[in-house]
Amino acid sequence: MKGGDMGSVSPLVSFVLGAAMGTVCVLFFMSATPARRLVDISAFTSAASNNSTLQGLADAVADSAAALAATATPAPAPAPVQAPSPWGDLEEVLARAATKDRTVIMTQINAAWTRPGSLLDLFFESFRTGEGGVARLLDHLVIVTMDPAAYEGCKPVHRHCYFLRTSNGVDYRSEKMFMSKDYLEMMWGRNRFQQTVLELGYNFLFTDVDVMWFRDPFRHISMAADIAISSDVYIGDPYSLRNFPNGGFLFVRSSAKTIDFYRAWQQGRWRFFGKHEQDVFNLIKHEMAPKLDLAIQFLDTAYISGFCQLSKDLNKICTLHANCCVGLGAKLHDLRGVLDVWRNYTAGTPDERRAGKFQWKLPGICIH
């Protein structure tokens, strides 16, 4: 070629090479993140603003990046980490055992009461030999165990077992003598646990394990009662605060006012230091019942009976409590006699029952 021709070709070659390099750069930038592409492409198109083809390509890439950013699915927020419940699997156990109206039956045991032939065996036997379908209530019974041995002893014999872990340093495996320091710790711990069940929104009927169940006691609990409690001494009026209560058989409906009552009850432990929870109930009932507009029903001992004030009519009795009786051995002796009489009664003819032929074996160690 002539010199003039070479001069005219050089700008063309330069343009083609520049365009090719620009295309390579754009393709490279497209492999980066959308935000980075936008910045780099803008810088590039500013430098090559005299090239309309490259400008259009940059605009298209920018539009694509904006569309990707707009439609991208945000990363899900991490699920909040929930602290473990201080009560372990309590809510699960309560939900499994509760009736449709969120009512559970509860009892509390330690290792001494779960040994073969001990109180838990007698407790179960009373349900099995009871009348009117009382055995079906075992489906709603939560057994609260106070030590690992009691928990392991409960699981093979019952569906709803709960291990109440405590941090007060008391060894709950052995029998606790009435009014001892460990006994008071156990009773006040039980009271606080009952409050927790109310706070979780469940009604409960608490029964000591030395209560024999022969018939359904719920039919004697008034729908109007916020609290229904058994009586050591019953004077005939179920709503008289002069009745003397026994916390070993206690029904409570979950509500703001019953929870407030339990708070006052717990505070009463320190107001009346050294008293057990039943005595404190008796001391605060006159103050708290009117203050909270609380209906407290005291249960008639003809139906919800005990050794303190014994019902002798086996045609009426629903439950029988070994109250006014100190010592595991004494309770076992007398309750075995009670079950013997009950088995004879249920084997009797309707005429023999109506005639009142069957009576408790009296006296026992405690029962009179």
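Look a little higher up for the structure.
The numbers attached to residues start from 1 for each chain and follow its sequence in the written order. Selection of residues for local features in this predicted model requires a pLDDT of at least 70, selection of side-chain atom pairs for listing and counting requires 80 or more, and totals for whole chains, interfaces and linings are taken over all residues. To get the side-chain values, take all heavy atoms of the structure and skip hydrogens and water.

Colleague: Any chance you could explain the overall build of the chain here in plain terms?
Modeller: In terms of regular secondary structure, the chain is built from 11 helices and 10 strands. Residue contacts are defined here by distance: any two heavy atoms, one from each residue, within 4.5 Å place the two residues in contact. By sequence separation, contacts in the chain at least 24 residues apart represent 68% of the contacts at least 6 residues apart. Computed by Shrake-Rupley with a 1.4 Å probe, the accessible areas treat only the displayed protein chains as cover when residues are assessed. As displayed, the chain offers around 18600 Å² of accessible surface, 59% of which is attributable to carbon and sulfur atoms. Only DSSP runs of H or I with at least four residues qualify as helices, and only runs of E with at least two residues qualify as strands; both kinds are numbered from the N terminus onward.

Colleague: Honestly, helix α5 (residues 119–129) in this entry has me stumped. Any pointers?
Modeller: For α5, every residue scored as buried is listed here: Leu119, Leu120, Leu122, Phe123, Phe124, Ser126 and Phe127. Contacts made by the buried residues of α5 are with β1 (103–109), β2 (141–145), β4 (203–207), β5 (211–213) and α10 (328–347). The buried label applies to any residue whose accessible area, calculated with a 1.4 Å probe on protein chains only, is under 20% of its type's maximum; exposed applies above 50%, and partly exposed to all values in between.

Colleague: Any chance you could explain the nonpolar core here in plain terms?
Modeller: A general trend in soluble globular proteins is that nonpolar side chains are found buried together. Within the largest apolar cluster, 53 residues are counted, with the highest numbers of intra-cluster contacts made by Phe123, Trp213, Phe214, Phe307, Leu320 and Trp360. For this core, the secondary structure elements donating two or more residues are β1, α5, β2, α6 (148–154), β3 (161–163), β5, β7 (244–252) and α10. The element contributing the most residues to this core is α10, with nine residues. By nonpolar core we mean a set of buried residues, namely Ala, Val, Leu, Ile, Met, Phe, Trp, Tyr and Cys, connected to one another through side-chain atoms within 4.5 Å. Of all hydrophobic cores here, the second largest spans 42 residues; its members include Met106, Phe261, Met288 and Leu294.

Colleague: Any chance you could explain the packing of aromatic side chains here in plain terms?
Modeller: Geometry of aromatic contacts follows a simple scheme: Phe, Tyr and Trp rings, the Trp one being its six-membered ring, pair when their centres are within 6.5 Å, and the pair is stacked under 30 degrees between planes, edge-to-face over 60, tilted otherwise. A full pass over the atoms with the stated rule returns 18 aromatic pairs. Taking the centre distance of 5.9 Å and the plane angle of 20 degrees together, the rings of Trp270 and Phe273 count as stacked. There is no split in this pair, since Trp270 and Phe273 are both exposed. Ring centres 5.9 Å apart and planes at 90 degrees place the aromatic pair Tyr345 and Phe358 in the edge-to-face group. Of this pair, Tyr345 sits in helix α10 while Phe358 sits in the segment after α11 (350–354); the two residues are 13 residues apart in sequence, bridging distant segments of the chain. For Phe358, a relative accessible area of 15% gives the class buried. One aromatic cluster is present, built from ring pairs that chain together Phe123, Phe124, Phe127, Trp213 and Phe249. Here, over-ring charges are defined by two tests on the NZ atom of lysine or the CZ atom of arginine: distance to the ring centre within 6 Å, and angle to the ring normal within 35 degrees. The ring of Tyr202 has Arg102 lying over it, and the distance from NZ or CZ to the ring centre is 4.0 Å.

Colleague: Help me understand the pairing of strand β6 (residues 227–233) in this model?
Modeller: If a strand is regular, its side chains alternate between the two faces of the sheet. For β6, the tally of buried residues reaches six of seven residues, placing the bulk of the element in the interior. As paired elements, β6 and β7 share six bridges and run antiparallel to each other. Across the sheet, residue Ser230 finds its bridge partner in β7, namely Asn246. Pairing between strands is defined by DSSP: at least two bridges between them are needed. The sheet contact formed by β6 and strand β8 (residues 296–298) spans three bridges and is parallel. Following the sheet pairing, Ile227 is matched in β8 by Ile296.

Colleague: Teacher, can you tell me more about the pattern of salt bridges here?
Modeller: Opposite charge on two side chains permits them to pair, given that their charged atoms come into close proximity. Take a side-chain nitrogen of Lys or Arg and a carboxyl oxygen of Asp or Glu: if they are within 4 Å of each other, that pair is a salt bridge. Within the structure shown, the criterion is met by 18 salt bridges. When the shortest N-O distance is used, the salt bridge between Asp208 and Arg190 registers 2.8 Å. You can see Asp208 sitting in the loop between β4 and β5 and its partner Arg190 sitting in helix α7 (residues 181–199), a full 18 residues away along the chain. For the residue pair Asp208 and Arg190, the accessibility class agrees, reading buried in each case. Put simply, Lys257 and Asp226 hold a salt bridge, and the shortest N to O gap is 3.5 Å. Here Asp226 lies in the loop between β5 and β6 and Lys257 lies in helix α8 (residues 256–271), a separation of 31 residues in the sequence. With relative accessibility at 26%, the residue Lys257 sits in the partly exposed group.

Colleague: What should I look at first to understand the state of the cysteines in this one?
Modeller: Simply put, the disulfide is a covalent bond whose two ends are the sulfur atoms of two cysteines. By disulfide we mean two sulfur atoms from cysteines, separated by a distance within 2.5 Å. Enumeration over the complete set of coordinates arrives at three disulfides. Covalently, Cys154 is tied to Cys161 through a disulfide, its sulfur atoms 1.9 Å apart. Since a negative S-S torsion denotes a left-handed disulfide, the Cys154-Cys161 link at about -85 degrees is left-handed. Of the residues examined, Cys161 reaches a relative accessible area of 6% and is grouped as buried. Taken N- to C-terminal, the disulfide-bonded cysteines of the chain are connected 1-2, 3-4, 5-6.

Colleague: In this structure, what is going on with the environment of Thr258? I would like to understand it.
Modeller: Here Thr258 shows up in helix α8. For Thr258, a relative accessible area of 0% corresponds to the buried category. Residues Thr258 and Leu198, 60 residues apart in the sequence, show an inter-C-alpha distance of 7.9 Å. Those residues in contact with Thr258, other than ones at most four positions away along the chain, are Leu198, Asp226, Ile227, Val252, Arg253 and Leu294. N or O atoms closer than or at 3.5 Å make up a polar contact, with two conditions inside protein: a donor-capable atom paired with an acceptor-capable one, and, for residues adjacent in sequence, both atoms drawn from side chains. At 2.7 Å, the side chain of Thr258 forms a polar contact with the backbone oxygen of Arg253. Polar contacts involving the side chain of Thr258 include one to the main-chain amide nitrogen of Ser255, which spans 3.0 Å.

Colleague: I keep staring at helix α9 (residues 277–292) and nothing clicks. Help me out?
Modeller: Given 3.6 residues to a turn, an α-helix orients residues that are three or four positions apart in the same direction. A helix is expected to span 1.5 Å for every residue after the first. Under the 1.5 Å per step criterion, the end-to-end length of α9 is only 19 Å for 16 residues, more than 12% shorter than the ideal 22 Å. Within the span of α9, buried status applies to Glu277, Gln278, Val280, Phe281, Asn282, Ile284, Lys285, Met288, Ala289 and Leu292. Two residues or fewer after α9 comes Asp293, characterised by a positive phi angle close to 55 degrees.

Colleague: For this particular structure, what's the right way to read the side chain of Gln195?
Modeller: Following the sequence through the fold, Gln195 ends up in helix α7. Excluding anything up to four places from it in sequence, Gln195 contacts Tyr262, Arg263 and Gln266.

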